[in-house]
Amino acid sequence: MAGRARIIRKIATASAAAALLALSINAGTASASTPQPFAGQARAAHLTPAQDSALRAEVAKYLKRSGGKQISLNEIKVDDKRTIRVAIPGEAHPRTFTDHGSTAPAYSSICNPFAYTQNGYFCAFSDYAWAGSEDQMYYCHSYDMNFTSTGSWVNRQYGTHAAKFYGKRGDYLGQTLPPISASKEQNWYYVWTVVPC
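Residues numbered from 1 in each chain as written. Predicted model: local features only at pLDDT ≥ 70, side-chain atom pairs only at ≥ 80, totals over all residues. Heavy atoms only, no water.

Undergrad: Before we move on, can you summarise the overall build of the protein chain with the specific residues and values?
TA: Helices and strands together make up the secondary structure of the protein chain, namely 3 helices and 13 strands. Expressed as a percentage of the 197 residues in the protein chain, the buried residues total 40%. The contacts of the protein chain with a sequence gap of at least 6 include a subset with a gap of at least 24, amounting to 57%. Put simply, the protein chain shows about 11,000 Å² of open surface, and 59% of that area lies on carbon and sulfur atoms. (Helix = DSSP H or I, 4+ residues; strand = E, 2+ residues; numbered from the N terminus. Buried < 20%, exposed > 50% of the residue type's maximum accessible area, 1.4 Å probe, protein only. Contact = heavy atoms within 4.5 Å. Areas by Shrake-Rupley, 256 points an atom, 1.4 Å probe, with all protein chains shown as cover.)

The following block contains the structure:
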């Protein structure tokens, strides 16, 4: 009888140890899963899980290419005058996200192709006819091109500066018209760098 009680006690001890181990593993997994950046903005904007996931994938792609810092759910700051605004795949323009919601997809004031004032910026768009994500460039130096499909551009720089496009080996591919100008179609596939001035 004593032997049987000892076996039952060993089984109970082993079961308790297994349950404790399972609890500690689950607790470790729960604490290891950290909330995604800007999750509050995604919730406030009522994004579907599919929209949130697609937008985060696009932002991650541009973060890797640009080396910038994410400053909102869909914005990347590359330097003090360069911001990449990422559109949710399937939407015509980027949104402005806050912790209180989001505005409708729209051009930024910097890159609006229908504005007739110079502001110092050259803007590249990921899609045809000034749609999709936008890359705002200001300084007179070489910028890596983030887009690889048929996009578009707006030149609202000061003076008569034309943006110049260069290929993989630094070969000159062409340039824009002077400001204020825009093109609704530009093949970015061969463009590796842009020099706005």
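Undergrad: I'd like a rundown of the nonpolar core, residues and numbers included.
TA: Ranked by internal contacts, the top residues of the largest apolar core, which has 24 residues, are L47, L55, F122, M145, F165, W188 and V194. Of all elements in the fold, only α3 (49–66) and β6 (121–127) reach the threshold of two or more residues within this core. A per-element tally of this core places α3 first, with 3 residues. If we ignore the near neighbours within four places in the chain, the residues touching F165 are F122, W153, D171, Y172, L173, G174, T176, Q186, W188, V191, T193 and V194. (Core = buried A, V, L, I, M, F, W, Y, C linked by side-chain atoms within 4.5 Å.)

Undergrad: Account for the sheet that holds strand β9 (residues 150–156), naming residues and giving values.
TA: Read from one edge of the open sheet, 7 strands run β1-β2-β3-β7-β6-β9-β12, paired in antiparallel fashion. If you trace the sheet from one side to the other, it starts and ends with β1 (69–72) and β12 (181–187), each paired once. Neighbour to neighbour, the strand axes of the sheet diverge by 25° on average, direction disregarded. Across 5 bridges, the pairing between β6 and β9 is antiparallel. Directly across from F122, in β9, lies its bridge partner N155. In the packing of α3 onto the sheet, contacts are made with β1, β2 (75–79), β3 (82–85), β6 and β7 (131–137), and the angle to β2 comes to roughly 5°. (Pairing = 2+ DSSP bridges. Axes fitted to C-alpha atoms, helices over the stretch in contact; angles between N-to-C directions.)

In short, the description is geometric, and any link to function would need to be established separately.
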